[in-house]
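Spelled out, the chains give:
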Amino acid sequence: MKTIGMIGGTGWPSTLEYYRIINQETNRRLGGLNSAKIMLSSFNYSEIDALNKIEDHAGIYKLVLDAAQKLKNTSVDFIIICANTMHQYVDALEAGTGLKVVHIADATAKEIKNNNITTIGLLGTRFTMEMDFYKNRFNQFGIETLVPEKPDRDFVHAAIMNELLKEQFKADTKYRFLKIIDELENRKAEGIVLGCTEIPLLINQDDVELPVFNTLEIHAKAAVEYALS
């Protein structure tokens, strides 16, 4: 069994879910008293939020690289980043540490392709929805990505930052998310990617008729698959 290096705290509610799912999936596959080998480096997200507000991406990458190097020093075998947005740094991180990073978008794209879907609606932070790092990974799998219109993108981003990261899950926020998903379906989305690891704490498959891709669960199980390969 390989040792997983988890970079978490972006935010901590979803990191908690990663830890639970990874250990449950490991035990499901191996039985007995087996659980995962994990080393966790967890951020104080307030520090990252401050850098995001001034768009200091170099400063954020420095924090992520430092966390990864500390994990490498504990002899982890590979890394997962417990947040979609932070995957914009994966290529640099692999080059800077020499460690494999199991990519959340690649794992999700494989699930989408397994469902014979070619057009997907993407919800996440404004960075995930508006930058190319996520869409480009999907493009490599032949998947077209649709994102909400700007007012809806702003709403989704604000809800993540001001509510979901604080474990606030409001009925009216959920209602607005579902309306946004309906609009993506009207634009011919065949499925919905919950591309922020906090969104699955608000929305799940029971809420939506289209196939929903929970990136948190998909990524956690992909980490187990790699750890046991």
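Everything quoted here is computed from the prediction, not taken from an experiment.

Participant: Help me understand helix α2 (residues 45-53) in this model?
Facilitator: An α-helical segment advances 3.6 residues per turn. Residues three or four places apart therefore align on the same side. Within α2, the full set of buried residues consists of Y45, I48, L51 and N52. Looking straight down α2, one finds that the buried residues subtend no more than 120° of arc, so they occupy a single side. Buried residues belonging to α2 abut α3 (57-73), α6 (126-130) and α8 (150-162). E55 occupies a position one or two residues after α2 and carries a positive phi of about 55°.

Participant: Before we go on, may I ask you to explain the sheet that holds strand β4 (residues 100-101) in this structure?
Facilitator: The strands that make up a sheet are held in pairs by hydrogen bonds between backbone atoms, and each pair lies either parallel or antiparallel. Read across the open sheet, the 4 strands follow the order β2-β1-β3-β4; overall the sheet is parallel. Of all strands in the sheet, those bounded by a partner on one side alone are β2 (38-42) and β4. Two strands pair when backbone bridges link them, and strand β1 (residues 4-8) and β2 are joined in this way by 5 bridges, in the parallel orientation. Bridge pairing links G5 to M39 in β2. The strands that helix α1 (residues 12-30) touches are β1, β2 and β3 (78-81); relative to β1, the one it contacts most, it runs at about 160°. Where α3 meets the sheet, it contacts β1, β2 and β3, and its direction lies at approximately 155° from that of β1.

Participant: Would you take a moment to explain the layout of surface pockets for this structure?
Facilitator: One simple way to see leftover space: roll a probe sized like a water molecule over the atoms. Roughly 290 Å³ of internal volume is contained in the largest pocket. For the largest pocket, the lining is made up of 14 residues, of which V102, D106, A107, K110 and A222 are closest to its centre. Only β4, α5 (104-114) and α10 (215-228) provide two or more residues apiece to the lining of the largest pocket. When grouped by side-chain class, the residues that make up the lining of the largest pocket number 6 nonpolar, 2 polar and 6 charged. Considered as a void within the structure, the second largest pocket measures approximately 150 Å³ in volume.

Participant: How do you make sense of unusual backbone geometry when you look at a structure like this?
Facilitator: If a residue is not glycine, its phi is most likely negative; likewise, a peptide bond is most likely trans. That bond from T10 to G11 is cis: its omega, 5°, falls within 30 degrees of zero. Locating G11 in the fold gives a position in the loop between β1 and α1. Positioned with a positive phi, S75 is a non-glycine residue whose angle comes to about 70°. Looking at the secondary structure, you find S75 in the loop between α3 and β3. We classify S75 as exposed; its relative accessible area is 54%. Phi angles above zero are rare outside glycine, and K188 is one such case at about 85°. Here K188 is to be found in the loop between α9 (171-186) and β7 (191-194).

Participant: Explanation requested: empty space enclosed by the protein in the structure shown.
Facilitator: In the structure shown here, the tally under the stated rule is 1 cavity of 30 Å³ or more. The volume enclosed by the largest cavity comes to roughly 150 Å³. Surrounding the largest cavity, 18 residues form its lining, T10, Y45, A83, T85 and T125 being those nearest its centre. Listed by contribution, the elements that provide at least two residues to the lining of the largest cavity are α2 and α8. Considering each element in turn, the lining of the largest cavity owes the most residues, 3 residues, to α2.

Calculation rules
- Residues numbered from 1 in each chain as written.
- Predicted model: local features only at pLDDT ≥ 70, side-chain atom pairs only at ≥ 80, totals over all residues.
- Heavy atoms only, no water.
- Buried < 20%, exposed > 50% of the residue type's maximum accessible area, 1.4 Å probe, protein only.
- Helix = DSSP H or I, 4+ residues; strand = E, 2+ residues; numbered from the N terminus.
- Arc of directions from axis to C-beta.
- Contact = heavy atoms within 4.5 Å.
- Pairing = 2+ DSSP bridges.
- Axes fitted to C-alpha atoms, helices over the stretch in contact; angles between N-to-C directions.
- 1 Å grid on protein atoms, 1.4 Å probe; cavity = no way out; pocket = protein on both sides within 12 Å on 5 of 7 lines; lining within 4 Å.
- Points joined across faces, edges and corners; volume = space filled by probe spheres on them.
- Nonpolar A, V, L, I, M, F, W, Y, C, P; charged D, E, K, R; others polar.

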